[in-house]
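# Observations on the model geometry
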Amino acid sequence: MAEASRPLSPKQIQSLNSAKVGTAIKWMSKAQTWIFKKSNGKLGNTFLRGTEVGILTTTGRKSGEPRDSPLLFLQEGERIVLVASQGGRATDPMWYLNLKANPRITFQTKRGRYALTARDATDAERDEYWPKLDAMYPDFANYRSYTDRKIPIVICDP
C-alpha cells in the first residue's frame, strides 16, 4: 500500500482554497484530459504513485455542454466509485454539482467507456468505501482533514 504524503500546514491549507490553486487545478485537469483522450487512455491514465485515472463526462448544469474531468476511481465490476475531494478544498468540485443536476454520466478508463447513473453513497456505503479508497490513494485521509465539508463519495452504476 502506498503511503500518504505529509499533511499540509494550516497556512498551506488556506492557500489550497485560493483562486490561484483553483486555476492551476483547472489547467492541469484540462491537460491531463487532452493527453488521455488523444492517446485513448494509453497516456495520462495515472496520478501520483500510479493511482489510476479515468475521465468523467457530465453535462454542464448551466451550459448543457459536455464537461470532462480526470478523476481517480475505484472500479468494482461495472460500478465506478468517485470521490469529490478536490484535493481537500473547501468547496465541492464543479463536476459534482453537474452530476447532482443531471446524474447521467459517462466514464472512460483505459479499458473502456461506461454509461452510468451517479448518486451519493449512503452512510453505510461511505463506511464500506472509505477504507478501500484510502488503501487505493492514502492522501484521501489528508484531504478529509483539510476541510469541514463532508467529502462526497459518488456511486456510479449502469
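Summarised in this report is the structure supplied together with it. Each chain carries its own residue numbering, running from 1 in the written order of its sequence. The predicted origin of the model limits local features to residues at a pLDDT of at least 70 and limits the giving and counting of side-chain atom pairs to 80 or more, whereas totals for whole chains, interfaces and linings rest on all residues. For side-chain calculations, the full set of non-hydrogen atoms in the structure is used, while hydrogens and water are omitted.

In this section: the packing of helix α4 (residues 123-136) against helix α5 (residues 139-146). Each axis is a line fitted through C-alpha atoms, taken for helices only over the stretch in contact, and angles between the N-to-C directions span 0 to 180 degrees. Per the convention used, a helix needs a DSSP run of H or I reaching at least four residues, while a strand needs a run of E reaching at least two, with both numbered from the N terminus. At a minimum axis separation of 7 Å, α4 and α5 run at an interaxial angle of 115°. Together, W130, L133, D134 and M136 of α4 and F140, A141 and R144 of α5 make up the contact between the two elements. We call two residues in contact when some of their heavy atoms are within 4.5 Å.

Another aspect to go through is the environment of R113. Along the polypeptide, R113 turns up in strand β6 (residues 113-120). Separated by 59 residues in sequence, R113 and G54 have C-alpha atoms that sit 9.4 Å apart. Non-local contacts of R113, meaning those with residues more than four positions away in its chain, are made with T57, T106, F107 and Q108. Whenever a nitrogen or oxygen atom comes within 3.5 Å of another N or O atom, the pair is scored as a polar contact, on the condition that within protein one atom can donate a hydrogen and the other can accept it, and that pairs from neighbouring residues in sequence are kept only if both atoms are in side chains. In this structure the side chain of R113 is engaged in a polar contact, spanning 3.0 Å, whose partner is the side chain of Q108.

What sets the pattern is the α-helix's 3.6 residues per turn: residues three or four places apart point alike. A 1.4 Å probe rolled over the protein chains alone gives each residue an accessible area, and that area as a share of the maximum for its type sets the label: buried under 20%, exposed over 50%, partly exposed in between. Considered for burial, the residues of α5 that qualify are D139, F140, N142, Y143 and Y146. Projected down its long axis, α5 shows its buried positions confined to an angular sector of 155°, all on one face. An arc is given here, and it is the one of the directions from the helix axis to the C-beta atoms.

Turning our attention to the pairing of strand β1 (residues 53-59). Most of β1 sits out of view: 6 of its 7 residues are buried. Connecting the antiparallel pair β1 and strand β2 (residues 66-72) is a turn made up of 6 residues, with G64 showing a positive phi of about 75°. One requirement defines pairing of two strands: DSSP has to find at least two bridges between them.

Attention now moves to the environment of W130. For W130, the location among the structural elements is in helix α4. C-alpha of W130 to C-alpha of F140: the two residues are 10 residues apart in sequence and 8.6 Å apart in space. Setting aside its immediate chain neighbours within four residues, W130 contacts V83, F140, R144, I151 and I153.

The next thing to look at is helix α3 (residues 94-101). Within α3, burial applies to W95, Y96, N98 and L99. On an axial view of α3, the arc spanned by its buried residues comes to 160°, and they lie on one face. Exposed residues pointing more than 90 degrees away from the buried face of α3 are listed as M94 and A101.

Function cannot be inferred from these measures alone, as they are strictly geometric.
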